[in-house]
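An overview of the molecular structure
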Amino acid sequence: GESVGLHLPTLSVQEGDNSIINCAYSNSASDYFIWYKQESGKGPQFIIDIRSNMDKRQGQRVTVLLNKTVKHLSLQIAATQPGDSAVYFCAERVFGNEKLTFGTGTRLTIIP
Amino acid sequence: NAGVTQTPKFQVLKTGQSMTLQCAQDMNHNSMYWYRQDPGMGLRLIYYSASEGTTDKGEVPNGYNVSRLNKREFSLRLESAAPSQTSVYFCASTLDRGDNEQFFGPGTRLTVL
């Protein structure tokens with residue numbers, strides 16, 4: 001079946017540096033790609049989404065890039081802060097389908 | 001607003017026991033979802049309710065039942081718990097079906113012995 005996966009399970013970044021979290025997807029029919037953040041002991045929290053007809057979308061301190069040619073998605077976090085420490089999940093959805101398909105997650109650790 | 005609340009936070013069951021996980025949201029959302037999260041895996045959809053009065057199976061529905069009691073509440077029932085159902089369960093809601101921004105509860109950690 002189709003799956004969403006991540007290149008790296010863990011990522012350590014110096015505080016103040018930029019973080020880049022990558023995700024590979026395999027369902028070329030997906031219309032939306034979404035990033036969620038999950039802090040320890042909490043439920044996931046929506047960060048940003050992007051439609052398949054876009055290449056880039058920016059939010060507050062975050063940028064999502066979509067490369068449909070190689071089926072790759074990335075989340076860039078600018079000026080990483082201690083509060084950014086969490087597990088980050090990418091997810092995908094087909095238009096008209098309720099279901100989000102989640103990847104396995106990347107743990108981001110901030111080094112003081 | 002409390003957002004999405006779940007009870008209980010923790011639960012230990014013996015194989016064969018039954019229990020109901022409760023979920024409520026106070027955001028007037030139409031759609032609600034139940035996920036499970038296992039170590040090293042992403043969230044997997046168990047059941048969802050696109051609107052009050054409707055429920056549909058997700059990716060891993062076997063061994064579970066749900067009830068959309070009203071617009072606010074969506075419960076998940078394990079009729080005969082099995083060790084394979086040991087997991088963290090999350091409830092989520094969205095304003096409307098198809099919204100990408102799902103609001104998640106804090107989760108219920110369930111252990112089945």
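A few points on the structure. No experiment lies behind these values; they were computed from the predicted model shown.

Take the overall build of chain B next. The secondary structure content of chain B amounts to zero helices and 11 strands. Starting at the N terminus and walking to the C terminus, you meet the elements of chain B as β-β-β-β-β-β-β-β-β-β-β. Within chain B, the fraction of its 113 residues that count as buried is 48%. Across chain B, contacts joining residues at least 24 apart in sequence account for 56% of those joining residues at least 6 apart. When the accessible surface of chain B is split by element, carbon and sulfur atoms take 48% of a total near 5200 Å². Measuring between centres, the 11 positive side-chain charges of chain B sit 8 Å from its 10 negative side-chain charges.

We now examine the state of the cysteines. Residues and elements named next belong to chain B. Inspection of the entire model under this criterion finds two disulfides over all chains. Here C23 is linked by a disulfide to C91, with a sulfur-sulfur distance of 1.8 Å. Handedness here is read from the sign of the S-S torsion; for C23 and C91, about -70°, the answer is left-handed. Linking C23 in strand β3 (residues 19-25) with C91 in strand β9 (residues 87-94), this pair joins segments that are 68 residues apart in sequence. On the accessibility criterion, C23 (3% relative accessible area) is buried.

The next point concerns the interface of chain B and chain A. Counting residues at the interface gives 22 residues for chain B, matched by 18 residues for chain A. Carbon and sulfur atoms make up 52% of the area that chain B and chain A hide from each other, which totals about 1600 Å². Where chain B touches chain A, the interface holds one salt bridge. Two residues, E98(A) and R97(B), come together in a salt bridge whose shortest N-O distance is 2.8 Å. In this structure, the connection of chain B to chain A is made through eight residue pairs in polar contact (both at pLDDT 80 or more). Of all the secondary structure elements, the ones that give two or more residues to the side of chain B that touches chain A are β4 (31-37) and β5 (43-49) of chain B.

So, about the sheet that holds strand β1 (residues 4-7) of chain B. Strands in a sheet are paired, the pairing made by backbone hydrogen bonds, and the direction either parallel or antiparallel. Residues and elements named next belong to chain B. A sheet is described by the order of its strands in space; here four strands give the open sequence β1-β3-β8-β7, paired in antiparallel fashion. The sheet is open, and its two borders are formed by β1 and β7 (64-68), each paired with just one other strand. Across the sheet, the axes of successive neighbouring strands diverge by a mean angle of 20°, strand direction being ignored. As defined by bridge partners, β7 adjoins strand β8 (residues 74-78) across five bridges and the pair is classed as antiparallel. Following the sheet pairing, Y64 is matched in β8 by L78.

So, on to the pattern of salt bridges. In the structure shown here, the tally under the stated rule is seven salt bridges over all chains. Note that D49(A) and R57(A) form a salt bridge whose closest N and O atoms lie 2.5 Å from each other. Several salt bridges converge on common partners, so that one network encompasses R36(B), D38(B) and R44(B).

With that settled, the discussion passes to the environment of Y33(B). Structurally, the position occupied by Y33(B) is in strand β4. Here the side chain of Y33(B) touches E98(A) through a polar contact of 2.8 Å, side chain to side chain.

This part takes up the packing of aromatic side chains. Going through the model one piece at a time under the given rule, you end up with 11 aromatic pairs over all chains. Aromatic rings pair up to connect Y36(A), F46(A), F89(A), F102(A), Y33(B), Y35(B), Y48(B), F90(B) and F104(B) into one cluster.

Let us now look at the pairing of strand β7 (residues 62-67) of chain A. All names here are of chain A. Pairing geometry for strand β6 (residues 56-58) and β7, over three bridges, is antiparallel. Residue pairing in the sheet places R57 in a bridge with V64 of β7. Where β6 hands over to β7, the hairpin turn is made up of three residues, of which R61 adopts a positive phi near 65°. Note that β7 and strand β8 (residues 72-77) share six bridges and pair antiparallel. Looking across to β8, one finds that L65 is bridged to S74. From the end of β7 to the start of β8, which pair antiparallel, there are four residues, and K71 there has a positive phi angle of about 55°.

What counts, and at which threshold
Residues numbered from 1 in each chain as written. Chains lettered and ligands numbered in written order. Predicted model: local features only at pLDDT ≥ 70, side-chain atom pairs only at ≥ 80, totals over all residues. Heavy atoms only, no water. Helix = DSSP H or I, 4+ residues; strand = E, 2+ residues; numbered from the N terminus. Buried < 20%, exposed > 50% of the residue type's maximum accessible area, 1.4 Å probe, protein only. Contact = heavy atoms within 4.5 Å. Areas by Shrake-Rupley, 256 points an atom, 1.4 Å probe, with all protein chains shown as cover. Lys, Arg positive; Asp, Glu negative; His and termini not counted. Charge placed at Lys NZ, Arg CZ, Asp CG, Glu CD. Disulfide = S-S within 2.5 Å. Buried area = accessible area lost by both parts, 1.4 Å probe. Salt bridge = Lys/Arg side-chain N within 4 Å of Asp/Glu carboxyl O. Polar contact = N/O pair within 3.5 Å; in protein donor to acceptor, adjacent residues only side chain to side chain. Pairing = 2+ DSSP bridges. Axes fitted to C-alpha atoms, helices over the stretch in contact; angles between N-to-C directions. Phe/Tyr/Trp six-rings, centres within 6.5 Å; stacked < 30°, edge-to-face > 60°.

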